[in-house]
Amino acid sequence: MNILIVGDICGKEGRAEAQKWIPILHDEYNIDMVIANGENSAGGVGITKKVLDELFSIQIDVVTSGNHIWDKKEIFSFIDFEDYLIRPANYPPDTPGKGYCVFECKGKKVGVINLLGRTFMPAIDCPFRKADEIIGAIQKDCDYIILDFHAETTSEKMAMGWYLDGRVSCVVGTHTHIQTADERILPQGTGYITDLGMVGPWDSILGVDKDLILKKFLTGLPVKFELAKGAKVFSAIIIHINECNGKVKKIFRILEKDLLKKIEKM
């Protein structure tokens, strides 16, 4: 099975970039399933029902999120009714929405879990113990399990990768919007990357207008963040899963500049 996992989609321009590249990758790599982080997809923070429907319309099957999931208040009106929009599972038990889902594809069941890190992030339940709990509950019913770990530090994400090696098919990090070059297959067959990167404005600081961020650093004054304009980036990974044992056979990064070079050579 071939699964495309897409980094944080940022705003309208990020959605346009996802719409541009996902169908191309679908055909080029015979993609069976697409997972994407959508917590920044509506204006740079949060997600709306209209934006969620747009993401589903461009061949995204499961949308994960993170600490910005609650930033658009309308989320409370629809999150409980969406089977394939998930929020971090380690929010308290009575939080709206769900922290994992099971998607059926090619006769297989793919469990997708979303967790939030705790280092330099808001106080929240332990993601490691929550991972144990969910995996224990769904592993008998799932052929593969994939985790989006939305966390700030590389160390916490790497710790999760090693902690779950051999128990899930893949652990991907999101949140920092910078694609890392450490994709690998861990010893027990779990695919891993510290951060998928983002889909959105390239000449920016994590998608935001760089002049605004520079002003904040230089003055210490609050500024209203706005998404940058101009050049775009599309960041993702593709994993090939062994359908017999759920282990990753191959993992490789997708970055827009590499896609453009490939098209130029065609």
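As the structure is a prediction and not an experimental result, all values here were calculated from the model.

It is worth spelling out helix H2 (residues 49-57) at this point. Listing the buried residues of H2 in full gives Val51, Leu52 and Leu55. When H2 is viewed along its axis, its buried side chains cluster within an angular range of 100 degrees and face the same direction. Away from its buried face, by an angle of more than 90 degrees, H2 presents the exposed residues Lys50 and Ser57. Turning to H2, the residues buried within the fold contact strand E2 (8-9), helix H1 (11-28), strand E4 (62-64) and helix H3 (75-78). Once H2 ends, the next one or two residues include Gln59, with phi positive near 75 degrees.

Inspection of the secondary structure assignment puts Lys215 in helix H6 (residues 210-219). For Lys215, the residues in contact, after removing those within four places along its chain, are Gly220 and Val223.

Before going further, it helps to examine the pairing of strand E1 (residues 2-6). Counting buried positions along E1 gives five out of five residues, so the element sits mostly inside the fold. Burial along E1 is two-sided: the face carrying Asn2, Leu4 and Val6 and the face carrying Ile3 and Ile5 are both buried. Pairing analysis gives five bridges linking E1 to strand E13 (residues 235-241), with the strands arranged antiparallel. Paired with Ile3 across the two strands is Ile239, which belongs to E13. Where E1 lies against strand E3 (residues 33-37), four bridges are found, and the strand directions are parallel. Its bridge partner being in E3, Ile3 is matched across the sheet by Met33.

Calculation notes
Residues numbered from 1 in each chain as written. Predicted model: local features only at pLDDT ≥ 70, side-chain atom pairs only at ≥ 80, totals over all residues. Heavy atoms only, no water. Buried < 20%, exposed > 50% of the residue type's maximum accessible area, 1.4 Å probe, protein only. Helix = DSSP H or I, 4+ residues; strand = E, 2+ residues; numbered from the N terminus. Arc of directions from axis to C-beta. Contact = heavy atoms within 4.5 Å. Pairing = 2+ DSSP bridges.

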